[in-house]
Amino acid sequence: MQNFVFHNPTRILFGEGQIAAIGPEIPSGARVLITYGGGSVVKTGTLAEVKAALGETDYLEFGGIEPNPTYETLMQAVELARREKVDFLLAVGGGSVIDGTKFIAAAIPFEGEPWDILAKQAPITSAVPFGSVLTLPATGSEMNAGSVITRRATHDKLAFIHPLVFPRFSVLDPTKTYTLPPRQVANGIVDAFVHIAEQYLTYPADAKVQDRFAEGLLLTLIEEGPKALAEPENYAVRANLMWTATLALNGLIGAGVPQDWATHMVGHEITALHGLDHAQTLAVVLPAMLQVRRFDKRGKLLQYAERVWGLRDGDVDARIGAAIERTRDFFESLQVPTRLSGYGIGAEAIPPLVDQLERHGMTALGERQDVDLARSRQVLELAL
Ligand code: NZQ
Ligand code: ZN
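The rules behind these values
Residues numbered from 1 in each chain as written. Chains lettered and ligands numbered in written order. Predicted model: local features only at pLDDT ≥ 70, side-chain atom pairs only at ≥ 80, totals over all residues. Heavy atoms only, no water. Patch = residues over 30% accessible without salt bridge, like charges linked within 9 Å, V, L, I, M, F, W, Y side chains within 5 Å. Areas by Shrake-Rupley, 256 points an atom, 1.4 Å probe, with all protein chains shown as cover. Salt bridge = Lys/Arg side-chain N within 4 Å of Asp/Glu carboxyl O. Helix = DSSP H or I, 4+ residues; strand = E, 2+ residues; numbered from the N terminus. Near = heavy atom within 4 Å. Polar contact = N/O pair within 3.5 Å; in protein donor to acceptor, adjacent residues only side chain to side chain. Nonpolar A, V, L, I, M, F, W, Y, C, P; charged D, E, K, R; others polar. Domains from an automatic or database assignment. Donors = N, O, S within 2.8 Å, 3.2 Å for Na, K, Ca; no water. Buried < 20%, exposed > 50% of the residue type's maximum accessible area, 1.4 Å probe, protein only. Contact = heavy atoms within 4.5 Å. UniProt positions renumbered as here; feature names shortened; annotations may be inferred. Buried area = accessible area lost by both parts, 1.4 Å probe. Pairing = 2+ DSSP bridges. Expected span 1.5 Å × (residues − 1). Bend = angle between axes of the 7 residues up to and from the residue. Phe/Tyr/Trp six-rings, centres within 6.5 Å; stacked < 30°, edge-to-face > 60°. Lys NZ or Arg CZ within 6 Å of the ring centre and 35° of its normal.

A separate point is a nonpolar patch on the surface. Side chains of Met1, Phe4 and Phe6 sit close together on the surface and give an oily, nonpolar patch of about 320 Å² of accessible area. Residue position: Met1 is located in the segment before strand 1 (11-14).

This next bit is on the site of ligand 1. The local shell around ligand 1 holds 31 residues, among which Gly38, Ser40, Gly95, Ser96 and Asp99 are the closest. A distance of 3.1 Å separates an oxygen atom of ligand 1 from a polar backbone atom of Gly39. Here Lys176 contributes a backbone N or O atom positioned 2.9 Å from a nitrogen atom of ligand 1. When isolated, ligand 1 has an accessible area of 960 Å², and the protein chains bury 88% of it. Every element with two or more residues in the shell around ligand 1 is listed here: helix 4 (95-107), strand 6 (146-151), helix 6 (182-200) and helix 9 (262-274). Class assignment for the residues of the shell around ligand 1 results in eight nonpolar, 19 polar and four charged. A domain-level breakdown of the shell around ligand 1 finds at least three residues from each of domain 1 (11-176) and domain 2 (181-383).

Surrounding the zinc ion (ligand 2) are the protein donor atoms Asp191 (OD), His195 (NE2), His264 (NE2) and His278 (NE2), which sit 2.0 to 2.1 Å from the metal. Counting along the primary sequence, the residues that act as donors to the zinc ion (ligand 2) give the motif D-x3-H-x68-H-x13-H. Note that His264 is positioned in helix 9 and His278 in helix 10 (residues 278-292), a separation of 14 residues in sequence. Here His278 falls in the buried class, since its relative accessible area comes to 16%.

A word on the side chain of Thr281. Following the sequence through the fold, Thr281 ends up in helix 10. When residues no more than four places from it in sequence are discounted, the contact partners of Thr281 are Gly267, Ile270, Thr271 and Leu276.

The subject of this paragraph is the UniProt feature "domain: Alcohol dehydrogenase iron-type/glycerol dehydrogenase GldA" (unreviewed entry) in the chain. With numbering matched to this structure, UniProt assigns "domain: Alcohol dehydrogenase iron-type/glycerol dehydrogenase GldA" (unreviewed entry) to residues 9-174. Helix makes up 27% of residues 9-174 and strand makes up 25%, while its end C-alpha atoms are separated by 22 Å.

The next subject is the domain arrangement of the chain. Taken domain by domain, the chain comprises domain 1 (11-176) and domain 2 (181-383). On a C-alpha basis, the centres of domain 1 and domain 2 stand 26 Å from each other. Counting residues at the interface gives 24 residues for domain 1 and 24 residues for domain 2. Between domain 1 and domain 2, a total of about 2,000 Å² is buried, with carbon and sulfur atoms accounting for 65% of that surface. Summed over the shared surface of domain 1 and domain 2, the result is one salt bridge.

In this section: the pairing of strand 2 (residues 31-36). Most of strand 2 is tucked away, with five of its six residues classed as buried. Bridging between strand 2 and strand 3 (residues 58-62) involves five bridges; their strand directions are parallel. Looking at strand 3, one finds that Thr35 is bridged to Phe62.

What follows is about helix 7 (residues 208-230). For helix 7, spanning 23 residues, the distance from its first C-alpha to its last is 34 Å, which sits close to the expected 33 Å at 1.5 Å a residue. Its axis deflected by about 30 degrees at Glu224, helix 7 carries its strongest bend there, up to four residues before the proline Pro226. Of all the positions in helix 7, only Gln210, Asp211, Ala214, Glu215, Leu217, Leu218, Leu221, Ile222, Glu224, Gly225 and Ala228 are classed as buried. On its buried side, helix 7 packs onto helix 6, helix 8 (235-248), helix 11 (298-307) and helix 12 (316-333).

This paragraph deals with the environment of Glu367. For Glu367, the position within the fold is in the loop between helix 13 (350-359) and helix 14 (373-382). Looking at Glu367, the relative accessible area reads 8%, which means it is buried. The sequence separation of Glu367 and Pro258 amounts to 109 residues, and the corresponding C-alpha distance is 5.8 Å. Not counting chain neighbours up to four residues away, the residues in contact with Glu367 comprise Leu201, Thr202, Tyr203, Pro258, Gln259, Asp260, Arg293 and Lys297. A distance of 2.8 Å separates the side chain of Glu367 from the side chain of Arg293, its partner in a polar contact. At 2.9 Å, the side chain of Glu367 and the side chain of Lys297 are in polar contact.

Our focus in this paragraph is the packing of aromatic side chains. Under the counting rule described, the total for this entry stands at ten aromatic pairs. Here the aromatic residues Phe193, Tyr200, Tyr304, Trp309, Phe330 and Phe331 are joined through ring pairs into a cluster of three or more. For the cation-ring pair, Arg298 lies above Phe295, with the distance from its terminal atom to the ring centre recorded as 3.9 Å.

On to the environment of Lys176, then. Summarising the element assignment, Lys176 is placed in the loop between strand 8 (169-172) and helix 6. Separated by 122 residues in the primary sequence, Lys176 and Arg298 place their C-alpha atoms 40 Å from one another. Not counting residues up to four positions away in its chain, the partners in contact with Lys176 are Ile19, Thr46, Glu49, Leu134 and Thr135. For Lys176, the side chain forms a polar contact with the side chain of Glu49, separated by 2.7 Å.

So, in structure tokens, the structure goes:
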């Protein structure tokens, strides 16, 4: 096992009715900015529930944060928050709203051009504190310090990670996910699945607990995912899915093990140029990525084949091939296409995607930094 430091300061308020408990989590006398997306939380009543829970707290609202949140929109919130002297943020929504709120939190006190936080990884020294009410289990943003922001004008989708942007608290009420459209339920399952894969399907590091934990999370997604689509108001299923997605990317399974993230980096470029949902890009890239790197990853792929898919027979190559196919079939069974062609994207799209990777310095990806541009191109060609 590798050395690690693990610290996760986010308080989780889990379960039905927990929105009512946010009052004491917000500093008394705070001036709050509630942030939300395109309006689902207005329609579902979640926003009204949050406001009721705030009681006498002084608050303002900023809606309209889009999926794949943009710098252009978020800077309007930054200006509002600066003008109104907001000192606490409350994100109500999915990963995009929470990621966007992390950027707003870091940008408010930032001196200089806030885009540099992403483009130049400019260091931040303070951030406005914030909490979240999660409505879409997928990204893990509710319990991590990462944020992915898009600059519409230049087609850049870039990430920053900083301990100052861990949420102070996050409410995970599974009943708030009942209203999700099937496409977003499926996206969430795929995103969580691939987060686990990025931290598990690397090379053996003798990290027994992390491996068993990752396998348990994958098995839970395989068991519960289809049920969430079939029975949208099954509380137990939604609760298991919600907690699985959070644990998939809150730092726990990634502590002390090598991490990959090449699938995500290639996926981000597909969203930036073609607008696919984040999870759709992952469903396309992961099977091809595993195929191209099956020799380097054979130790963990064999373990995955056996422990997650029960594949114990046949030679090594056959088992690895079958595990990759099972992965693809699982995504397809959730109605998430796993080929670029499934989204109307052809071979002509590949050179611009490779150029984007080069422009963003994504030239040595993966747990061994050996996914260069040629390999990324190979992955994209295999994903057609
Ligand atoms: O915008 P509204 O109207 O709220 O509708 C949203 C949006 O259209 C809707 N939705 C959310 N909760 C709902 C609901 N509709 C009905 N009922 C509900 N309860 O779902 C749509 C998608 O929402 P979004 O927040 O975009 O989805 P997701 O949570 O999948 O977030 C994706 C973003 O997170 C980033 C992605 O790159 C992408 O930008 N990621 C963030 C990560 C992190 N912070 O650690 C890691 C991930 O790998 C990922 O990159
Ligand atoms: Zn993801």
